[in-house]
There are 2 protein chains.
Amino acid sequence: MAHDDVHPVSLACGDCPIRHRAVCARCETDELDELESIKYYRSFEAGQTVIWSGDKMDFVASVVSGIATLTQTLEDGRTQMVGLLLPSDFVGRPGRESAAYNVTATTDILMCCFRRKPFEEMMERTPHIAQRLLQMTLDELDAAREWMLLLGRKTAREKIASLLSIVARRDASIKLRTATGRMTFDLPLTREAMADYLGLTLETVSRQISALKRDGVIELEGKRHVTVPDMDRLLIEAGDDSDGGFLV
Amino acid sequence: MAHDDVHPVSLACGDCPIRHRAVCARCETDELDELESIKYYRSFEAGQTVIWSGDKMDFVASVVSGIATLTQTLEDGRTQMVGLLLPSDFVGRPGRESAAYNVTATTDILMCCFRRKPFEEMMERTPHIAQRLLQMTLDELDAAREWMLLLGRKTAREKIASLLSIVARRDASIKLRTATGRMTFDLPLTREAMADYLGLTLETVSRQISALKRDGVIELEGKRHVTVPDMDRLLIEAGDDSDGGFLV
DNA sequence: GTTGCCACTTGATTTGGGTCAATTCGCGTT
DNA sequence: AACGCGAATTGACCCAAATCAAGTGGCAAC
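So, here is what we can say about the structure in this document. Small disclaimer: the values here were computed from a predicted structure and weren't measured. (Residues numbered from 1 in each chain as written. Chains lettered and ligands numbered in written order. Predicted model: local features only at pLDDT ≥ 70, side-chain atom pairs only at ≥ 80, totals over all residues. Heavy atoms only, no water.)

## Observations regarding the protein's contact with DNA strand C
For clarity, the threshold we go by: Only a single heavy atom is needed: when it lies within 4 Å of a molecule or strand, its residue is near that molecule or strand. Counting from the N terminus, the helices are the DSSP runs of H or I reaching at least four residues and the strands are the DSSP runs of E reaching at least two. Residues were grouped as follows: Ala, Val, Leu, Ile, Met, Phe, Trp, Tyr, Cys and Pro as nonpolar; Asp, Glu, Lys and Arg as charged; and all remaining residues, including Gly, as polar.
Residues in close proximity to DNA strand C total 17 residues, the closest being Arg-191 and Ser-206 of chain A together with Ala-156, Thr-204 and Arg-207 of chain B. The share of sugar and phosphate among atoms of DNA strand C within 4 Å of the protein is 62%. Broken down by secondary-structure element, the contributors of at least two residues to the surface near DNA strand C are helix H6 (202–214) of chain A together with helix H6 (202–214) of chain B. Of the residues assigned to the surface near DNA strand C, the class counts are 3 nonpolar, 7 polar and 7 charged.

## Some words on empty space enclosed by the protein
Selection rule: Each cavity reported here is a set of points on a 1 Å grid over the protein atoms alone in which a 1.4 Å probe fits but cannot get out, each pocket an open set with protein on both sides within 12 Å along at least five of seven lines, and each lining residue one with an atom within 4 Å of a point. Grid points are joined across faces, edges and corners, and a volume is the space filled by probe spheres set on the points.
Under the counting rule described, the total for this entry stands at 5 cavities of 30 Å³ or more. Looking at the largest cavity, its volume works out to about 340 Å³. Lining the largest cavity are 25 residues, and of these Val-91, Gly-92, Arg-93 and Tyr-101 of chain A together with Arg-145 of chain B sit closest to its centre. Broken down by class, the residue content of the lining of the largest cavity amounts to 16 nonpolar, 3 polar and 6 charged.

## Side note on the relation of the copies chain A and chain B
Test applied: The atoms used to superpose the copies are C-alpha atoms, taken from residues with pLDDT of at least 70 in both, and the fit is least squares. Here, residues are in contact when the closest pair of their heavy atoms is within 4.5 Å.
Superposing chain A onto chain B takes a rotation of 180° plus a shift of 0.0 Å along the axis, which leaves an RMSD of 0.1 Å. Taken together, the rotation and translation describe the operation of a two-fold axis. Comparing interface residues between copies, 100% of those in chain A also sit at the interface in chain B, which points to an isologous, same-surface contact.

## Quick word on the sheet that holds strand E8 (residues 109–115) of chain B
All names here are of chain B. Put simply, the rule is: At least two DSSP bridges between two strands are needed for those strands to be called paired.
Ordered in space as E1-E8-E3-E6, the 4 strands form an open sheet in which the pairing is antiparallel. Looking along the sheet, the strands with just one partner apiece sit at the ends: strand E1 (39–44) and strand E6 (90–91). Of the strand pairs in this sheet, E1 and E8 are connected by 6 bridges, and their pairing is antiparallel. What sits directly across from Arg-42, in E8, is Met-111.

## Focus: helix H3 (residues 127–153) of chain A
Along an α-helix, a turn takes 3.6 residues, which lines up residues three or four apart on a common side. Where we set the bar: Expected helix span is given by 1.5 Å per residue-to-residue step, counting one fewer step than there are residues. Relative accessibility under 20% of the residue-type maximum defines a buried residue, over 50% an exposed one, and the middle range a partly exposed one, all with a 1.4 Å probe and only protein chains included.
With 27 residues, H3 of chain A ought to run about 39 Å at 1.5 Å a step, and its terminal C-alpha atoms sit 39 Å apart, in line with that. Across the 27 residues that make up H3 of chain A, a large majority, 23, are buried.

## Quick notes on the packing of helix H2 (residues 116–125) of chain B against helix H3 (residues 127–153) of chain B
Residue and element names in this part refer to chain B. Spelled out, the test is: Only the stretch in contact is used when a helix axis is fitted, and all axes are lines through C-alpha atoms; the angle between N-to-C directions ranges over 0 to 180 degrees. With respect to orientation, any angle under 35 degrees is reported as roughly parallel, any angle over 145 as roughly antiparallel, any angle of 65 to 115 as roughly perpendicular, and every other angle as oblique.
Contact geometry for H2 and H3: axes closest at 5 Å, N-to-C directions at 100°. The pairing of H2 with H3 is recorded here as roughly perpendicular in orientation. Contact residues: H2 offers Phe-119, Met-122, Met-123 and Arg-125, while H3 offers Pro-127, Ile-129, Ala-130 and Leu-133. Taken together, the residues of the contact of H2 with H3 break down into 7 nonpolar, no polar and 1 charged.

Below you can see the structure in the form of structure tokens.
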């Protein structure tokens, strides 16, 4: 797909700080203009629920800045995170009336929304969009499957190490590509959100983070700021073969 | 999409016993012919590995008959099933050189394969295919997320009940739509495969099946033939709200 | 400065499911 | 009939993580 190298992350809108996936701003200008006409922005505060599972959803959207989570819940309150939305990620499903998950902002968040009906019509006419969306969805599916291995077969310690390496990797792509060994970042999630991500309790999350700290795998300043002195060590702790999967 | 109601399951080939998804046999005849020219069949015996994770994969395919599993493995041998392929399901990923999972036949299986390169080229030109593939992938993603809730938050008993209700549902769509209460089917998986599906050990699977039998939730003839006297009861055991999700 | 709140930590105890090991149940072979 | 073999069951024991409970630390509001 042309120009993908120039602005890799892109679905659509001209003046977003993030180039969204799917339409190349250089070669698909008319499509861009059309998307422009059906788009609007919405922002949410940290902690706010963006969408409740089952709600009618009349838009699809793309995260511009901030972080949100997709969660599913059993009647008795047990909840499992099933998706983590970071900037440039896509939310919502063309062809589906109602939301299948709760979407919650964990930080202040800005989303670039497109009215669903016109978006779908446009997708019918514009092969690029469906194709790009397919690539994105396949990536998400791979991530979900990697995550299933984590949920089904990893120990608590491995789960935590995996999550940390995922966050580190996501962060690293923006910030410091340089030093492979040492790495520093902020955890964008509370202990409870991490627990919901990993299928653990928040107490276990806390204990395992303490254990990793005690064993020198990570260093902590405050509760959220993490330094990993040796990424390789962390990846070994995560139990991942090779360079450690590609969740999220 | 036209004619979807007439032959709902369809990706492609004219003489498969199953109508595959994505191309309508009535209105897209030329596409059908083209797919016809790049397709071939492969069959595998029960237990055979279809593809090893990491292998070069020069085709995409659709399951005609039989059952296969997608699995991921940690170096130390812990394995997690991440997908269950039933007739009409799609395998392989356009745009990806090598396989990301092990694909194993659990019964004798027949697959309808399309050479990857020409299939991709065709997809570029044919919006319908990409759109249909997108729908299918989104469905798979939903299933994967439902499965994540199961892996992360359900008890062993709930996991077993969930799996049974999934198999029952899949089976029911083919066979008896009639009686909602009582339902009979064969388990297409060994205890070990069920364990890999559910993130349990095979001993736990066995114990929980025995427990469900003891409690009258299911009846067993032999090891594999299951009768559910009351589907509603089973769904309650599964912990699912509503009519029980849509895994697989 | 004190109060209250929330995120987090840590400890004590319990328990669901894993591990190890011994049978049993088919079922095809000789 | 006897054998072998893989699939499944069942039991005894153990341990990782859940549960229950108390306490700490930071920070915003008054």
